[in-house]
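Reading the structure
Each chain, letter by letter, is given below.
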Amino acid sequence: MLFSDIDGTLLHDDHLTIGKDTIHALSRASAMGVRIAIASGRYLKSLDIFEEKLGLPIMKVALNGALIVDGGNIIHDARISRDVYRKAMEFIKGKAPSVIAFAHQNYAIDADDDWFSLQTNILEDEGIRMDLRDGDAVENALGEWPTKILIKDSSPEHTAENKESLMRLIGDEAVVISSGSKNIEILPAGTDKGNALRIISEKLSIPLSSMIAFGDWDNDEGMLRAAGIGVAMANGSDKAKAAASFITLSNNDDGIAYALDKFLFNA
């Protein structure tokens, strides 16, 4: 089985393009019987487009592993607690320019920022603009309780400070990680892409040793360690590279295809 992160891994830096060599390599792997999964911090709706982009059936590991969907079946679904939500929103008020609450198919956002514009342009999904401090109101607007909080900040230094503070505040009740130098993600306790691989391994009876995973950032660390072969992109973070058993070419240079040539096609 093959798992790939999206941004910085599968996609080029424009957040739109998948290299032709990568598409060909994934199609070839699928034809050999390898199951393909997308493992991302993105919410479920934003993963649907990749079946069309790749022309392949894919398993969806959304929201950094909090939600796992195989075909029409949900095989794992975790939500942040109401207490964690309240504490996080009370803390972050006035400390970051943008906060987003994600459910499976939708999101609520409190700012009109670059991320919001990119999301709107790529997915034609404007989400719901609203004040996020009242969790009950957010739940009513989204139609379900949020799975993840994403905090977008203006600088890596300020992001790191807020992340450390949040870890001290809620680190025993939730997962606080980064999927980029200027964001913080708050996830249900126990959520990790590596744990998602273990859940899938048990459900599908596929050994972890028979899995290959591709990633580029700190939130991919667990997945890269759990897989039999963990591949970090050349553009990856130090943590991702330290967790990997191989470092491939960058996302803009079809690093996935390069690694599959080495570990699958010419093995």
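Rules behind the numbers
Residues numbered from 1 in each chain as written. Predicted model: local features only at pLDDT ≥ 70, side-chain atom pairs only at ≥ 80, totals over all residues. Heavy atoms only, no water. Salt bridge = Lys/Arg side-chain N within 4 Å of Asp/Glu carboxyl O. Buried < 20%, exposed > 50% of the residue type's maximum accessible area, 1.4 Å probe, protein only. Phe/Tyr/Trp six-rings, centres within 6.5 Å; stacked < 30°, edge-to-face > 60°. Helix = DSSP H or I, 4+ residues; strand = E, 2+ residues; numbered from the N terminus. Arc of directions from axis to C-beta. Contact = heavy atoms within 4.5 Å. 1 Å grid on protein atoms, 1.4 Å probe; cavity = no way out; pocket = protein on both sides within 12 Å on 5 of 7 lines; lining within 4 Å. Points joined across faces, edges and corners; volume = space filled by probe spheres on them. Nonpolar A, V, L, I, M, F, W, Y, C, P; charged D, E, K, R; others polar. Polar contact = N/O pair within 3.5 Å; in protein donor to acceptor, adjacent residues only side chain to side chain. Pairing = 2+ DSSP bridges. Axes fitted to C-alpha atoms, helices over the stretch in contact; angles between N-to-C directions.

This part covers the pattern of salt bridges. Taken as a whole, this structure holds 17 salt bridges when the rule is applied. For Arg 79, the salt bridge goes to Asp 77, with nearest N and O atoms at 3.1 Å. Judged by relative accessible area, which is 29%, Arg 79 ranks as partly exposed. Looking at Asp 77, the relative accessible area reads 37%, which means it is partly exposed.

Moving on to the packing of aromatic side chains. Following the criterion strictly, the structure yields 6 aromatic pairs and no others. Plain terms: the ring middles of Tyr 43 and Tyr 107 are 5.7 Å apart, the flat faces sit at 75 degrees to each other, and that makes the pair edge-to-face. In this pair, Tyr 43 is assigned in the loop between strand E2 (36-39) and helix H3 (49-54) and Tyr 107 in strand E7 (residues 107-109), connecting sequence segments 64 residues apart. Aromatic pair Phe 246 and Tyr 258: ring centres 6.5 Å apart, planes at 15 degrees, arrangement stacked. Of this pair, Phe 246 sits in strand E14 (residues 246-247) while Tyr 258 sits in helix H11 (residues 255-265), placing them 12 residues apart in sequence. A relative accessible area of 17% places Phe 246 in the buried class. Residue classification places Tyr 258 among the partly exposed positions, given a relative accessible area of 44%. One aromatic cluster in this structure is built from Tyr 43, Phe 102 and Tyr 107.

Let us now look at helix H4 (residues 82-92). Residues lying three or four places apart along an α-helix face the same way, a consequence of the helix completing one turn every 3.6 residues. If you check which residues of H4 are buried, you get Val 84, Tyr 85, Ala 88, Met 89, Phe 91 and Ile 92. Axial view of H4: buried residues confined to an arc of 160 degrees, hence all on one face. Where H4 is buried, its residues touch strand E6 (98-102), helix H6 (135-142), strand E9 (148-152), helix H7 (156-170), strand E10 (174-177) and strand E11 (183-188). In the stretch just after H4, Gly 94 is the one whose phi turns positive, near 80 degrees.

Roughly 150 Å³ of volume is contained in the second largest pocket. Along its surface, the second largest pocket is lined by Met 1, Leu 2, Val 34, Ser 209, Ser 210, Met 211, Ile 212, Ile 229, Leu 260, Phe 263 and Leu 264. Element by element, the count of residues in the lining of the second largest pocket is highest for H11, at 3 residues. For the lining of the second largest pocket, a count of residues per class yields 9 nonpolar, 2 polar and no charged.

Within the element layout of this structure, Ser 178 appears in the loop between E10 and E11. The class for Ser 178 is buried, based on a relative accessible area of 7%. Side-chain polar atoms of Ser 178 contact the backbone oxygen of Asn 183, separated by 2.9 Å.

Reading across the sheet, the 8 strands line up as E5-E4-E3-E2-E1-E12-E13-E14 and stay open at both edges, with mixed pairing between neighbours. Both outer strands of the open sheet, strand E5 (73-77) and E14, are each paired with one neighbouring strand and no more. Across 2 bridges, strand E13 (residues 229-232) lies against E14 in parallel orientation. Residue Val 231 lies in a different strand from E14, and its bridge partner there is Phe 246. On top of the sheet, H11 reaches strand E1 (2-4), strand E12 (212-215), E13 and E14; it is set at about 155 degrees to E12, its chief contact.

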